[in-house]
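Survey of secondary and tertiary structure
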Amino acid sequence: MASQPVYLDNNSTTFPAPQAVESILPLLGEFYGNPSAAHSAGQRVRHEIELAREQVAALLGCKPSEVTFNSGATEGNNTAIYAALEVLPERKHIITVRTEHSSVLEVARSLAERGYRVTELTVDRLGHLDLAELKNEISGDTALVSVMWANNETGLIHPIAEVGDIAKQFGALLHVDAVQAAGKLPIDLKAQAAIDYLTISGHKFHGLKGAGALFVREGTGFSPLLRGGHHESGKRAGTENVLGIASMGAAARLARESFEANVTAMRAMRDRLQNGLLSRCDDVILNGDQHERLPNTLNVGIKFIDGEALLMMLDAAGIMVTAGSACMSGSMEPSHVLKAMNVPLSAIHGSLRFCTSRYTTTDEIDRALDTTVGIIKRLREMSPFGREAKAGTPTVAEIERHKAYFARA
Amino acid sequence: MIGYSEKVREHFINPRNVGELAGATVVGEVGTMASGQALRLYLKINGDEVIEDARFQVFGSPSAIASSSALTEMLKGKHIDEAARITADDISNYLGGLPPEKMHSCVMSMEALEVAYARFRGIELDSELDEDDVLNICRCYSVPEHKIERAIRDNNLTTIEEITHFTQAGGGCTSCHTDLRLILQRVRATMAEPAKTAEAPKQTPLPATAGADVPTLRKMQLIQEVLDREVRPGLAMDGGDMELVDVRGNEVLVKLHGHCNSCSSSSATMKFFVEDKLREMVDPALHVVDITEHSADLHAPPMR
């Protein structure tokens, strides 16, 4: 490919911001002390960590003392869940949602095998959880409600304030996986007083991979997952990933200071792609809720096409996106999120996710669009189910069944 | 692109022989929208029964596109009987090997070829039954029982994961895994020990004297059905069993297990009884060859 690749997989990870890269340069050289050390070499590096803590706290609208750095969202989610169970040891019930990230779901499922009762709330066709179901399931035995702020696959936004109100009525702790929300949705933890724990990850908003943060509200109990040192005020033992933390601080500053511009840009690019795809291709549907959605996420079902084939052809043409089923990773497992939304397998197989960032350009979107439309046309022409297929073939009944499904959608 | 060989990539990005073939002699169609893959194979066959041209339309993953493209290249210039011997493994090998979990794509290509061959020869196949009349074991991917049974037999599968790789069955909600386990046990019980079947051809080639109007594979299925229905239940009551090892032309190779194994006089009686049944219900030309190694020192337990 002569032209630069177009990266539209920004919910997986993002381009490291130049400011984030710049922030780590001194730490690769002259500032190498152990931040726990009392001497000035250590304290110089400690200073960088505390600056980053202030930036992350500013992004989240909380106090710096409420921010604990860790290795990323998987650690954050694990830590928060186990902490809640330690804080309320007499309670044996956990509530989460079927569309959560696996770093929440699998922890909950492993706890179910160890005697905890776990409720996975269902979602509707658009991915919304049902507050009435939450009210039904929650009780004085519920230790923790864990709900993501926004879904990584569809961008769907959950009603965190309402979920928090219900959790508080029963004295349950609330954990929010805000990995996709940071930098894309306004977060103000002073106002969102019901949130006890909140997880973010630096590389999802233009920091480096390998550093994240867990918010623990002042006054809320906590129990560390990793022990063996006084790092992070005793909340997380282990020498800090200074490079990752510094880059996350710089990225948090960028996300906060140009929040409106960032969101406007990513939304404009996402909408340009969405409108182009829907107007230029027949039989393309939106997965998820068009309104309660992250500004950068587009998840579409492309009928009569296999998503992996589309993904691979796009990749060969320099366009990087994600498919709705993880066939390529060897598991052949269709997206658990789309499955929970009762999207039929045939539609999951033709699903693609495009995610923009503050760096996505109009030129990139237009190139991605032209390429995608061209490949969809090519694959449909190749397909026995394609729109060009002649009437009367044995597959017509099936196409009709398929269409009937989408007519309901 | 991860997991795919260079050749798969190449056939996927630049597939050969795509599209309808005007004036095709025969068309083979398999797959469904629900299963996530479908193939329509067009063959133009001349008076000498040689495939002059092959084209395809496909819906499915990169491996499905590459397998179909590879198959059409392999078919051109071949006699139809020779072409019918192409197996899923042959297609995979032509492409430098597919990832195991993608073998179902080669299986689909082979099935389309089988349908085309059967239509050309005027044979009715199980797989041509109306899809709506077939009970699907795996409802996520619409996989019927006969397809699962056959994949186990043809490819000597031993695990549910392998069944998923070859047929897609069980790859969705996984609620059919209990059924798959039962089918696997049942089919394996009728197969020889794994090491021995591995040596046998995965798909029995057509006899060189292609005068037979039923392909051997189909014949083998019929013979197995007769053995399962008419012979094996009776043997089982006496703690014995009979295993169909192979069919070579009109020779039906069987092995006796359990009590039948130790008793060579009864095996002679058995041979005539089974031969009668098979001649009556499958083909009058068949004869049974007992290849059991009758020995006093028994090490093989009955296959149960």
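The preceding data block contains the structure.
Computed from a predicted structure; not experimentally measured. (Residues numbered from 1 in each chain as written. Chains lettered and ligands numbered in written order. Predicted model: local features only at pLDDT ≥ 70, side-chain atom pairs only at ≥ 80, totals over all residues. Heavy atoms only, no water.)

**Some remarks on the overall build of chain A**
From N to C terminus, chain A includes 13 helices and 13 strands. Taking 2.2 N^0.38 as the reference for a compact globule, 409 residues should give roughly 22 Å; the C-alpha atoms of chain A span a radius of gyration of 23 Å, in line with that estimate. For chain A, the C-alpha atoms occupy an extent of roughly 80 × 55 × 35 Å along the three principal directions. In chain A, which comprises 409 residues, the proportion classed as buried is 59%. Contacts in chain A between residues at least 24 apart in sequence constitute 73% of all its contacts with a sequence separation of at least 6. (Helix = DSSP H or I, 4+ residues; strand = E, 2+ residues; numbered from the N terminus. Rg over C-alpha atoms; globule rule 2.2 N^0.38 Å. Buried < 20%, exposed > 50% of the residue type's maximum accessible area, 1.4 Å probe, protein only. Contact = heavy atoms within 4.5 Å.)

**Some remarks on the state of the cysteines**
All names here are of chain A. Per the counting criterion, the structure on display carries zero disulfides over all chains. The structure places no disulfide on C281, whose sulfur is separated from the nearest cysteine sulfur, that of C355, by 18 Å. For C355, a relative accessible area of 0% puts it in the buried group. (Disulfide = S-S within 2.5 Å.)

**Comments concerning the sheet that holds strand β2 (residues 37-45) of chain B**
All names here are of chain B. Ordered by their spatial adjacency, three strands build an open sheet running β1-β2-β3, and the pairing between neighbours is antiparallel. Strand pairing shows two members of the sheet lacking a second neighbour, β1 (26-32) and β3 (51-59), which therefore form its edges. Adjacent strand axes in the sheet meet at a mean angle of 10 degrees when their direction is disregarded. Along the sheet, helix α2 (residues 62-75) makes contact with β2 and β3, crossing β3 at roughly 175 degrees. Sheet contacts for helix α5 (residues 103-121): β1, β2 and β3; angle to β1, the most-contacted strand, approximately 140 degrees. (Pairing = 2+ DSSP bridges. Axes fitted to C-alpha atoms, helices over the stretch in contact; angles between N-to-C directions.)

**A few points about the packing of aromatic side chains**
Within this structure, the stated rule accounts for one aromatic pair over all chains. Positioned above the aromatic ring of F31 of chain A is the side chain of R44 of chain A, whose terminal nitrogen or guanidinium carbon lies 4.0 Å from the ring centre. In this arrangement the basic side chain of K7 of chain B is found over the ring face of Y94 of chain B, its NZ or CZ atom lying 4.1 Å from the centre. (Phe/Tyr/Trp six-rings, centres within 6.5 Å; stacked < 30°, edge-to-face > 60°. Lys NZ or Arg CZ within 6 Å of the ring centre and 35° of its normal.)

**Brief notes about the sheet that holds strand β8 (residues 287-290) of chain B**
Sheet strands associate in pairs through backbone hydrogen bonding, adopting either a parallel or an antiparallel arrangement. Residues and elements named next belong to chain B. Strand order across the open sheet formed by three strands is β6-β7-β8, with mixed pairing between neighbours. Edge positions in the sheet fall to β6 (240-248) and β8, since each of these pairs with one other strand and no more. For this sheet the average axis-to-axis angle between neighbouring strands, irrespective of direction, equals 35 degrees. In this sheet, strand β7 (residues 251-258) lies alongside β6 in antiparallel orientation, the contact comprising eight bridges. If you follow M242 over to β7, its bridge partner there is L256.

**Some words on helix α1 (residues 6-13) of chain B**
Among the residues making up α1 of chain B, those that are buried are V8, H11 and F12 of chain B. The buried residues of α1 of chain B occupy one face: seen down the axis, they fall within an arc of 100 degrees. (Arc of directions from axis to C-beta.)

**A few points about a nonpolar patch on the surface**
Together, V21, L25 and L28 of chain A give the surface a local cluster of nonpolar side chains, amounting to about 270 Å² of exposed area. For L28 of chain A, the position within the fold is in the loop between α1 (18-24) and α2 (40-60). (Patch = residues over 30% accessible without salt bridge, like charges linked within 9 Å, V, L, I, M, F, W, Y side chains within 5 Å. Areas by Shrake-Rupley, 256 points an atom, 1.4 Å probe, with all protein chains shown as cover. Salt bridge = Lys/Arg side-chain N within 4 Å of Asp/Glu carboxyl O.)

**Describing helix α12 (residues 362-382) of chain A**
In this model α12 of chain A runs 30 Å from its N-terminal to its C-terminal C-alpha over 21 residues, within 8% of the 30 Å that 1.5 Å per residue would give. Those residues of α12 of chain A not exposed but buried are E364, I365, A368, L369, T372, V373, I375, I376, L379, R380 and M382 of chain A. (Expected span 1.5 Å × (residues − 1).)

**Looking at the pairing of strand β6 (residues 173-177) of chain A**
On any regular strand, side chains alternate: one points to one face of the sheet, the next to the other face. Residues and elements named next belong to chain A. Burial analysis of β6 places five of its five residues in the buried class, the great majority of the element. With burial as the criterion, each face of β6 is covered, one bearing L173, H175 and D177 and the other bearing L174 and V176. Bridge analysis of strand β5 (residues 142-148) against β6 gives five bridges, and the strand direction is parallel. By the bridge assignment, L144 is partnered in β6 with L173. What joins β5 to β6 is helix α6 (residues 160-169), and the crossover it makes is right-handed. Bridging between β6 and strand β7 (residues 197-201) involves three bridges; their strand directions are parallel. (Right-handed = clockwise from strand over helix to strand, strands pointing away.)

**What about the nonpolar core?**
Within the largest apolar cluster, 151 residues are counted, with the highest numbers of intra-cluster contacts made by V145, W149, L198 and L352 of chain A together with L43 and L75 of chain B. Among the elements that make up this core, the one with the highest residue count is α5 of chain B (11 residues). Leave out the neighbours within four places in its chain, and L352 of chain A touches L298, N299, V300, I302, G307, L310, L311, L314, V321, T322, A323 and G324 of chain A. (Core = buried A, V, L, I, M, F, W, Y, C linked by side-chain atoms within 4.5 Å.)

**Notes on the environment of V87 of chain A**
Residue and element names in this part refer to chain A. Here V87 lies in helix α3 (residues 73-87). The spacing of V87 and L144 is 57 residues in sequence and 10.0 Å in space, taken between C-alpha atoms. The contact partners of V87, leaving out residues within four places of it in the chain, are L173, Y197, G221 and F222.

Keep in mind these values describe shape, not function.
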